[in-house]
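# An overview of the molecular structure
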Amino acid sequence: MPGQSGGQCHTHASAWRHMLAGLFLGAGAMLSYGLYHRQQAEQAATTVQPVREVPTFPVYSQEEVAKHRTLADGVWVTYKGGVYDITDFVAVHPGGDKILLAAGGALEPFWALYAVHNQEHVLEILSGYKVGELSPEDSAQQAASSTDPYSSDPPRHPALRVNSQKPFNAEPPSEILSDNYITPNAFFFKRNHLPVPKVDPDTYRLEIQGLPKGPMSLSLAELKSKFPKHTVTATLQCAGNRRSEINQVKPVKGLNWGIAAISNATWAGARLRDVLIHAGYEPGVKGKHVQFEGLDRDVTGTTYGASIPVGKAVSEEGDVLLAYEMNGEELPADHGFPVRVVVPGTVGARNVKWLGKIALSEEESSSHWQQNDYKGFSPSTDWDTVDFKSAPAIQELPVQSAITQPAEGSVVERSQEEVTIKGYAWSGGGREVVRVDVSLDGGRTWHVAELRSGEKGQEAAASPPPGRAWAWKLWEVTAPLPPAAQELEIVCKAVDSSYNVQPDTVAPIWNLRGVLSNAWHRVRVKVSED
Ligand SMILES: Nc1nc2c(c(=O)[nH]1)N[C@H]1C(S)=C(S)[C@@H](COP(=O)(O)O)O[C@H]1N2
Ligand SMILES: [Mo]
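Predicted model, so just to flag it, every value in this text is computed and none were measured.

Right, let's get into the side chain of Asn-241. Tracing the backbone shows Asn-241 in the loop between strand 12 (229-237) and helix 9 (243-249). Looking at Asn-241, its side chain comes within polar contact range of the main-chain nitrogen of Ala-261, at 2.9 Å. Leave out the neighbours within four places in its chain, and Asn-241 touches Trp-257, Gly-258, Ile-259, Ala-260, Ala-261, Ile-262, Gln-400, Tyr-424 and Ser-517.

This part covers the packing of aromatic side chains. The tally for this structure, following the rule as stated, stands at 11 aromatic pairs. Ring geometry for Phe-188 against Phe-189: centres 5.6 Å apart, planes inclined by 15°, an arrangement best described as stacked. Like Phe-188, the residue Phe-189 is buried in the burial classification. Every member of this aromatic cluster is reached through a ring pair, and the members are Phe-188, Phe-189, Trp-257 and Trp-267.

Here the chain averages 89 in pLDDT, while 89% of its residues score no lower than 70. Under a pLDDT of 50 for its full length, residues 1-50 has, in the predicted model, 76 contacts with residues more than four places off or in other chains.

Glancing now at the nonpolar core. Core analysis: the largest hydrophobic core is formed by 53 residues, its most contacted members being Leu-223, Leu-272, Val-290, Leu-322 and Leu-355. Here Leu-322 is in contact with Leu-206, Leu-223, Gly-269, Ala-270, Leu-272, Val-275, Val-339, Arg-340, Val-341, Leu-355 and Ile-358, once residues within four sequence places are set aside. Listed in part, the 23 residues of the second largest apolar core include Val-399, Val-477, Ile-490 and Val-523.

This paragraph deals with the side chain of His-289. If you trace the backbone, His-289 turns up in strand 14 (residues 289-297). A relative accessible area of 18% places His-289 in the buried class. Apart from residues lying up to four places away in sequence, His-289 is in contact with Ser-307, Ile-308, Pro-309, Val-310, Ala-359, Leu-360, Ser-361, Glu-362, Glu-363 and Glu-364.

Conventions adopted
Residues numbered from 1 in each chain as written. Chains lettered and ligands numbered in written order. Predicted model: local features only at pLDDT ≥ 70, side-chain atom pairs only at ≥ 80, totals over all residues. Heavy atoms only, no water. Helix = DSSP H or I, 4+ residues; strand = E, 2+ residues; numbered from the N terminus. Polar contact = N/O pair within 3.5 Å; in protein donor to acceptor, adjacent residues only side chain to side chain. Contact = heavy atoms within 4.5 Å. Phe/Tyr/Trp six-rings, centres within 6.5 Å; stacked < 30°, edge-to-face > 60°. Buried < 20%, exposed > 50% of the residue type's maximum accessible area, 1.4 Å probe, protein only. pLDDT = per-residue confidence, 0-100. Core = buried A, V, L, I, M, F, W, Y, C linked by side-chain atoms within 4.5 Å.

Quick look at the structure:
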């Protein structure tokens, strides 16, 4: 299994289930192995430290631990001064063989990267494999050297709702989301699979491969000076936006995003098309996909990666950018400094941050996130039957809308006589949202909302060119309170320029990864009689 990043914590979760099953199946063998080890440990304990109290463990030096790096020699690891023989655990480790990377040394640096391990039941499992104590000198030295790979992550705004601290994943409170047509950088949702890499803009090079003019690279200064600066306002949405609603139907793996894993920014940079042409691209050049690699890496050195169809990459109307600015500022660290790909109309996952490499290829990116994640499946597909090869990678996203105000569970005063509803609407592939319908009675009757494409009072004069509506619309409607209602079920649904509509309920679009969640958004509020 490739990189176990935060994004795959989900993968871990089910893997844990598989592992537990494995534990049961292998319980007999393991139990006897465990007993054998305990005897060994006890024998060793008596030789090293002839004391009566149990349990005592023998003391090992780091050098001794380091001799156990293979299944043949036994796989030992240390954690907080304890020594563990996890030879038998390797086969059932949810993250597979990667556990061997820690063999002969400390778990801390790995667990720091994959925070999914920091749970009580994981420690419990580990404690069953304890065979010794690490010598105090080696233990102290380890504590000093095991650094947190997330320690150089940038500071973040305290208003963000954090879904995961390491790697950092957060969304703005939904009320804030619709306050601005252009989401301020600090509030723009953040979705990182790995630690934020530190990139020196002076030595940065963008590698370009698979094009007629041969492998080449560009410095940041060249990217800025050799190619015209192009500006695009585009909404970015994570495939997992609104996963929490999918979770309510039946739990899935993944970050429990609310409705705000979506934001809108004005990006500026070089057009990917111009850079590809600079590298020799012309019609007829072989290659179906443009692959991207990030500079963020997991412990094995595997980088984040994704790809898009070449047609999107080279199209003049595709507006794909190698962006170095976000809302008039240099790209913030969390959003890909110094350069990220912005693929308007396409799922967040393909908008690769901290861009290190571009390659034209006959194949899609081989990365985990292109091959085994970010795909949609039938509600009947589960983790035992799923075949990731059977579904295409998500690229253009479906039509979406959600209510940002009022909040779920809030109270509307009867004496106000009316209620104002606000939200956002967007569709993938450059399809413009042409209408948003809002209901106060669960979808029996509807009001048509007013749409806007700019900050209040400074709306865009003209619609975007057909097929290039990359930015969301904010919408608002004020409707009379239904006379007798004590509770309102507020619903919104959007229609795009292809007359695509949102499904009315979540259950029929449930999928095991909880992606593509775009059912009618529903918010319940109480009407108070004052
Ligand atoms: N290099 C790199 N690029 C990445 C990611 C990542 O973890 N590493 N996450 C992807 C995902 S899944 C999303 S939704 C968007 C989020 O972009 P943002 O953090 O700027 O909102 O970045 C994408 N690009
Ligand atoms: Mo995402």
